[in-house]
Amino acid sequence: MNGDPDLLIDGVWEHASDGGTRRIIDPADGSVAAVVDEATPQDARRAVAAARAAFDAGAWPATPVAERAALLRRIADLLVRDKEELARLETVDTGKTLAESRIDIDDVVSVFRYYADLVGVQADRLIDVGDPAVVSRVVREPIGVCVLIAPWNYPLLQMSWKVAPALAAGCTMVAKPSEVTPLTTIAFARLAVEAGVPAGVLNLVQGSGATLGAALTANPEVDFISFTGGLATGRTITRVAADNLTKVATELGGKNPHIVFADADWDSSVDQVLTGVFLHSGQVCSAGTRLIVEESIADDFVAELARRAERIRVGPGFDPTSETGPLVSEEHRTKVENYVALGISEGAKLVTGGVRPSDPELEAGSFFLPTIFDRCDRSMRIVQEETFGPILTVERFTTEAEAIRLGNDTEYGLAAGVRTADPARGERVARALRHGTVWLNDFGYYTAAAEWGGFKRSGNGRELGPTGLAEYQEIKHVWHNTAPKPAEWFKGG
Ligand code: TXE
């Protein structure tokens, strides 16, 4: 970063082999925040080769679980020590408020601690096969060399969901953060080296998805790819990986319904629908972008939401009065603006927002105002496609069955919210929704101990929880006969 080498290959910090660099832009004012090394496909090949050698011939995969867990705990302690600096970098990179960045780093710490604890209590499974001479056991082994590709909305947090279980399982890895937001992952890798991660176990390259990402995912030496990002990229990676039959886990975002019944608690519903969609300016894979509200309260509910949305303080992440920051880049703001134009042309009713803030002090940043479209329906692309911006669409329903139908009326299936004072109805609807997480009378919360991931086109596989560790493990059945004797099937002597 800014002259220091940023690529970690086989335990050595290096510049890109062709000297290439990339400018990292602060989205709050468009300034150049840092210049980082841009790895080449050749650097990617060397990083994978280092991970391969560290797995095949290194000590890490067979390092006792207690030692692996201890490394994770040391990393967690260093993250706590460097929390402010990491949070600052995350705000520079993404534009999110410093308060959000601090929460992100706390969550990163909890992920490392969770997997340190979990891996320590995993036990082999012993099977009684009816012969006391036979010891039959099922063991978990590290899956091998992992390629970890993360997006820009929660850069270090998303990466930690991959690195922590991969390290805990005994894997070796090549991490590639988003080229838009690599700063915290670079800082993290330095800290992991300080904590004692062995050479070749954690390699880091950063650069464009199309060249570097493609070189990593097409490499036949890779055993597992964990990817979080857009649907189109997820499709490409899955296709590329199929040639080598490399296992892939994907988290590809969502178009998440937030269903509000008329009997739901009013204050918490308004507040959480607002937070659910406008936090981090909507750049959240589980953002509640589709409000599905009971017709009898819809007019009042939308009016109250609009009133509150207009009071959201949009501003630079380092300004303590800001409640949400800019979009991650000019390019992304253009995409969001195109969706607003599309919504209007599709006949949705623009209730509020839809434009950049008028404050001249925000002109240089990629800010955009919270936006609400009422009178939406399933035929509209703004209802079906992930805008990844501060855009809420409103659909109305009159029966429970209709609410469920609308809630499932998306190719995605990542997360959903249901709000009602009737617990039985809440449970019924939660069961009927085809989404990987359902919040009942809450929205957006998660814990490292519970699985996260999508149904349908939101991806496959799970992160977090025990399943998030299992993704990085192979299962082996060892059948050990302690008193071998002939099978005596073929009698011919
Ligand atoms: O993501 P990409 P983009 C959605 C959101 C957003 C859209 C596009 O709707 O507007 O995706 O965002 C790497 N081989 N999400 O274009 O391209 C890339 O370098 C290997 C939802 O920024 O998917 C980065 O590290 N890797 C999402 C990562 O993929 C490739 C969060 C994600 O970038 C690659 C972010 C390739 N061919 C965006 N092409 C979520 N699930 O939360 C790109 N990459």
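In this report, the structure presented in the accompanying data block is examined. (Residues numbered from 1 in each chain as written. Predicted model: local features only at pLDDT ≥ 70, side-chain atom pairs only at ≥ 80, totals over all residues. Heavy atoms only, no water.)

### A look at the pattern of salt bridges
Part 1 of the reasoning: The tally for this structure, following the rule as stated, stands at 32 salt bridges.
Part 2 of the reasoning: The closest approach of N and O atoms between D299 and R375, which form a salt bridge, is 3.8 Å. Taken together, the residues span a long stretch of sequence, with D299 in helix α10 (residues 295–310) and R375 in the loop between β15 (371–374) and α12 (381–384) at a distance of 76 residues.
Part 3 of the reasoning: By relative accessible area, which is 46% here, R375 ends up partly exposed.
Part 4 of the reasoning: Residues R378 and D409 are paired through a salt bridge, measuring 2.5 Å at the closest nitrogen-oxygen approach. (Salt bridge = Lys/Arg side-chain N within 4 Å of Asp/Glu carboxyl O. Helix = DSSP H or I, 4+ residues; strand = E, 2+ residues; numbered from the N terminus. Buried < 20%, exposed > 50% of the residue type's maximum accessible area, 1.4 Å probe, protein only.)

### What to know about unusual backbone geometry
Part 1 of the reasoning: You will see that K456, though not glycine, has its phi angle at about 45°, which is positive.
Part 2 of the reasoning: Here K456 is to be found in the loop between β18 (437–440) and β19 (459–460).
Part 3 of the reasoning: Residue classification places K456 among the partly exposed positions, given a relative accessible area of 35%.
Part 4 of the reasoning: Phi at L464 is positive, roughly 65°, even though this residue is not glycine.
Part 5 of the reasoning: With respect to the helices, strands and loops of the structure, L464 is situated in the loop between β19 and α15 (465–470).
Part 6 of the reasoning: Overall, L464 belongs to the buried group, its relative accessible area being 0%.

### Quick word on the packing of aromatic side chains
Part 1 of the reasoning: Counted by the stated rule, this structure contains ten aromatic pairs.
Part 2 of the reasoning: Taken together, the ring pairs connect W161, W439, F443, Y446 and W452 into an aromatic cluster.
Part 3 of the reasoning: The positively charged end of R190 is found above the aromatic ring belonging to W13, 4.1 Å away from the centroid.
Part 4 of the reasoning: Taking the ring centre of F224 as reference, the NZ or CZ of K247 above it sits at 4.8 Å. (Phe/Tyr/Trp six-rings, centres within 6.5 Å; stacked < 30°, edge-to-face > 60°. Lys NZ or Arg CZ within 6 Å of the ring centre and 35° of its normal.)

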